[in-house]
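One letter stands for each residue in the lines below.
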Amino acid sequence: VKKAHQFLSEFENDIMKSNLRVLPDMKFTRLYNAVIAGYISSTEKTDGIELAKTLLTHMIEKHTSNPQHIARPNTTTFVKVMTALARGEDNAQQLDMLLGEMDKINNQSKLLPAELAANVVPNKVVYDLVLKSHTRSSAKGSNEHVSALLDRIKKDPNISSDDLSQIFDSHELPQRSNNDYCHGEIKQSSTNPILKSYKKMFHAHLKKRTTNGAEAAAALLHEMEDKYASGENDYRPDIYMFNTVMNAWQQCELSNTDTSISPSKKAEDLLDYVCKKREEGVECLGPNDLTFSICLHSWCKSSRRDAPKHAENILRRKIESSKENCDIVVSSMDWNSAIAKWREDPTLGPDRARKLFIEMNQRYIDSRDERSAPNVVTVNTLLDVYAKSKGEKSAEEAEAILNEIIRSYKSGEGVIVPNIISFRSCMDAWIRRREPETPKRVYSLLKSMIEFSKSERRDDVAPDSDSFNFVLKACMLAPVMWHVPIKGDDHPIAIANDVFSTLRNQNEFNANATHTSYSYMFRIYKRHLDFTDARYSPLTRMLWKHCCHDGQVSRFSFESFRSSVSESEFWSCVGGKERYEKLGKATVACVTLDDLPAKWKRNVAPDRRQRLTD
């Protein structure tokens, strides 16, 4: 590894001293990342990690001082080193430092041209590593640091609601390092044996991670409240303990099988309780930002039919509370979660989601608070609601929203940049319609994606193989057209042939035909080309030949091929019936994917060979 590092250093010096105008590129970053990975995986773990840190520090210094330097780190660079540090005993402080460096580079990148900017953005993995390190740390203030970090994660627009859920589920809300609970002028000592006993039982219930455990912890909270009210005890639980129980209910939402219990309703009951106490003047039970977010996030996990309404209701309660408490912030994540939940109501969802989006945008215009600004996740979430709806004009409405976002961005009125997911969501909305014009509309969206990518010089919006496959899927699911002559460019087969030809040949997007592409093509020919057509048999046989040559035979593509050809053609294409009879496979149905040559399947991931996609 040290030898590789030496070669890399010499290469770096030669490049940077040359007269060539060489800009940072992913191919260079991968070289640095490979050396860092080599150090970390070396047998001398301690020295390896230190050397990896040294190389990362070198990259940080070179990039921040000269953005044109080839030693440009990315998120993966940081993750490799942070993962190694997180395995150590107590490296929380070092992880904090690296997270800070990521923030500095990320802020610097916003001011740089796209070709020089480093893709260094804290993500779920980074946050998870820092949280784990702090929860294991014995350093003073670690618990407070975890609380602050969880609050930051919740407000990070780059963290999806699913990622946030996984982070909260992976990390119990931290216990406070100071167990003193205050009410008025009374302050309890952390050595109070009764208080210690209560807290021991409290956390024992929470560790069960069951509805019974959450119910017992909630009952214990109310018991402590009752004894405080009666004067039997001079201490009471604060909002932190209530938040902890609400989070316990949230964690039960996905695993709960008892339909008579709604964990989200239980969490909302606790929210109602602390809100009532706050109105009565109990300061230590005033709901905070996390209180509302936990309850909102819980309803977003719920499978109840009225969950979208409850989620929006919690959002509105948080909005009202934020007017009185400046520490309560209705973040982009809160809005996005409430909007996303409406996709579960295909009837009312689009209208409610659209109104929330409009309201979110107007509130941002009025406040200019970047923490609640609509972002591309907001747009994609709204488009997904339309895609999942049953409205007759949902696809047209989704496409109109996307076009307005594009127009606004190009004119300089808006800052939201649509990405691949934005275009795919609109494609999905059309695909679900399964109408004759669907292939044409989806193909048009693909062309719009290409045009936007080129005109705005956004390589991150350039279509990939999956984007092209969306067009093929639209062709496959369009109404049967085998009885209609293939004339013009709008016929599903004409569109599919054009798209598949792009995938099969070299193209500027580096998109290739995948096993899914072949599967869709077999089904397209079967659905839209008459079996008696003289072109049918040669086309399917040639398609199978290419599929085998490209190593893209998966269970999906194999089943699609088998269902598209006659028995005699099947045996001819797979190597002859005699070959398989020797294996005891006398019928077409008996032949499995495992019976086929390995080279036909070489470019298909193992899990995809076993999965049939429709």
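Further up the page is the structure itself.
Residues numbered from 1 in each chain as written. Predicted model: local features only at pLDDT ≥ 70, side-chain atom pairs only at ≥ 80, totals over all residues. Heavy atoms only, no water.

(A) Inspection of the overall build of the chain at higher detail. Helices and strands together make up the secondary structure of the chain, namely 28 helices and 2 strands. Counting the 614 residues in the chain, one finds 50% classified as buried. Considering only intrachain contacts with a sequence separation of at least 6, the fraction spanning at least 24 residues in the chain is 68%. If you sum the accessible surface of the chain, you get close to 29,900 Å²; carbon and sulfur atoms cover 50% of it. (Helix = DSSP H or I, 4+ residues; strand = E, 2+ residues; numbered from the N terminus. Buried < 20%, exposed > 50% of the residue type's maximum accessible area, 1.4 Å probe, protein only. Contact = heavy atoms within 4.5 Å. Areas by Shrake-Rupley, 256 points an atom, 1.4 Å probe, with all protein chains shown as cover.)

(B) Just the packing of helix α18 (residues 394-411) against helix α19 (residues 420-431), in detail. It is at 8 Å that the axes of α18 and α19 come closest, and there the two elements cross at 160 degrees. By the angle class used here, α18 and α19 are roughly antiparallel. In this structure, α18 crosses over α19, and the sense of that crossing is left-handed. Residues Ala395, Glu396, Ala398, Glu399, Leu402 and Ile406 of α18 lie in contact with α19, whose contacting residues are Ser422, Phe423, Cys426, Ala429 and Trp430. For the contact of α18 with α19, the residue count by class is 8 nonpolar, 1 polar and 2 charged. (Axes fitted to C-alpha atoms, helices over the stretch in contact; angles between N-to-C directions. Parallel < 35°, antiparallel > 145°, perpendicular 65-115°, else oblique. Left-handed = near helix turned anticlockwise from the far one by under 90°. Nonpolar A, V, L, I, M, F, W, Y, C, P; charged D, E, K, R; others polar.)

(C) Up close: the environment of Lys599. The residue Lys599 is located in the loop between α27 (577-581) and α28 (606-609) in this model. Given the relative accessible area of 57%, Lys599 is considered exposed. Spatially, the C-alpha atoms of Lys599 and Gly551 are 6.0 Å apart, while their sequence positions differ by 48 residues. Among residues more than four places away in sequence, those in contact with Lys599 are Cys548 and Gly551.

(D) Up close: the packing of aromatic side chains. In this structure the tally under the stated criterion is 17 aromatic pairs. Pairing Trp544 with Phe558 gives two aromatic rings, centres 6.2 Å apart and planes at 40 degrees, and the pair type is tilted. With Trp544 in helix α24 (residues 536-549) and Phe558 in helix α25 (residues 555-562), the pair connects residues that are 14 residues apart, well separated along the chain. Of the two residues examined, Trp544 and Phe558, each falls in the buried class. Between Trp571 and Tyr580, the aromatic rings sit 5.9 Å apart at their centres with planes inclined by 45 degrees, giving tilted as the arrangement. With a relative accessible area of 6%, Trp571 lands in the buried category. A relative accessible area of 0% places Tyr580 in the buried class. Three or more aromatic residues joined by ring pairs make a cluster, and in this case those are Phe522, Trp544, Phe558, Phe561, Phe570, Trp571, Tyr580 and Trp600. (Phe/Tyr/Trp six-rings, centres within 6.5 Å; stacked < 30°, edge-to-face > 60°.)

(E) Here's a closer look at the pattern of salt bridges. Applying the stated rule across the entire model yields 41 salt bridges. One salt bridge connects Arg407 with Glu404, and the closest N-O pair in it is separated by 2.8 Å. Separated by 3 residues within a single helix, Arg407 and Glu404 lie in helix α18, roughly one turn from each other. Overall, Arg407 belongs to the partly exposed group, its relative accessible area being 37%. Residue classification places Glu404 among the partly exposed positions, given a relative accessible area of 38%. Salt bridges here are not isolated pairs; linked through shared partners, they connect Glu312, Arg316, Arg352, Glu359 and Arg363. (Salt bridge = Lys/Arg side-chain N within 4 Å of Asp/Glu carboxyl O.)

(F) Looking closely at helix α23 (residues 515-528). Here α23 spans 20 Å end to end across 14 residues, near enough to the 20 Å set by a 1.5 Å rise per residue. Burial analysis of α23 places 11 of its 14 residues in the buried class, the great majority of the element. Taken as a whole, α23 has its buried residues at His515, Thr516, Ser517, Tyr518, Ser519, Tyr520, Met521, Phe522, Ile524, Tyr525 and His528. (Expected span 1.5 Å × (residues − 1).)

(G) Here's a closer look at the side chain of Ser425. As for its position among the elements, Ser425 is in helix α19. Residue classification places Ser425 among the buried residues on the basis of a relative accessible area of 8%. In this structure Ser425 touches Asn380, Leu383, Asp384 and Ala387, once residues within four positions along its chain are discounted.

(H) Spotlight on helix α21 (residues 465-477). With 13 residues, α21 extends 18 Å between its outermost C-alpha atoms, agreeing within 8% with the 18 Å of an ideal straight helix rising 1.5 Å per residue. By the criterion of burial, α21 is predominantly enclosed, with 10 of the 13 residues buried. The set of residues buried in α21 consists of Ser465, Ser467, Phe468, Asn469, Val471, Leu472, Ala474, Cys475, Met476 and Leu477. Structurally, α21 contributes buried residues whose contacts are with α19, α20 (438-455), α22 (492-504) and α23.

(I) Geometry of unusual backbone geometry. One non-glycine residue, Arg434, lies in positive phi territory at about 55 degrees. Assignment of secondary structure puts Arg434 in the loop between α19 and α20.

(J) Here's a closer look at the packing of helix α12 (residues 263-279) against helix α14 (residues 307-324). The N-to-C vectors of α12 and α14 enclose an angle of 20 degrees; their axes lie 13 Å apart at closest approach. By the angle class used here, α12 and α14 are roughly parallel. In this structure, α12 meets α14 at a crossing whose hand is left-handed. Where α12 approaches α14, its residues Glu268, Leu271, Asp272 and Cys275 are matched on the opposing element by His310, Asn313, Ile314 and Arg317. Split by residue class, the contact of α12 with α14 holds 3 nonpolar, 2 polar and 3 charged.

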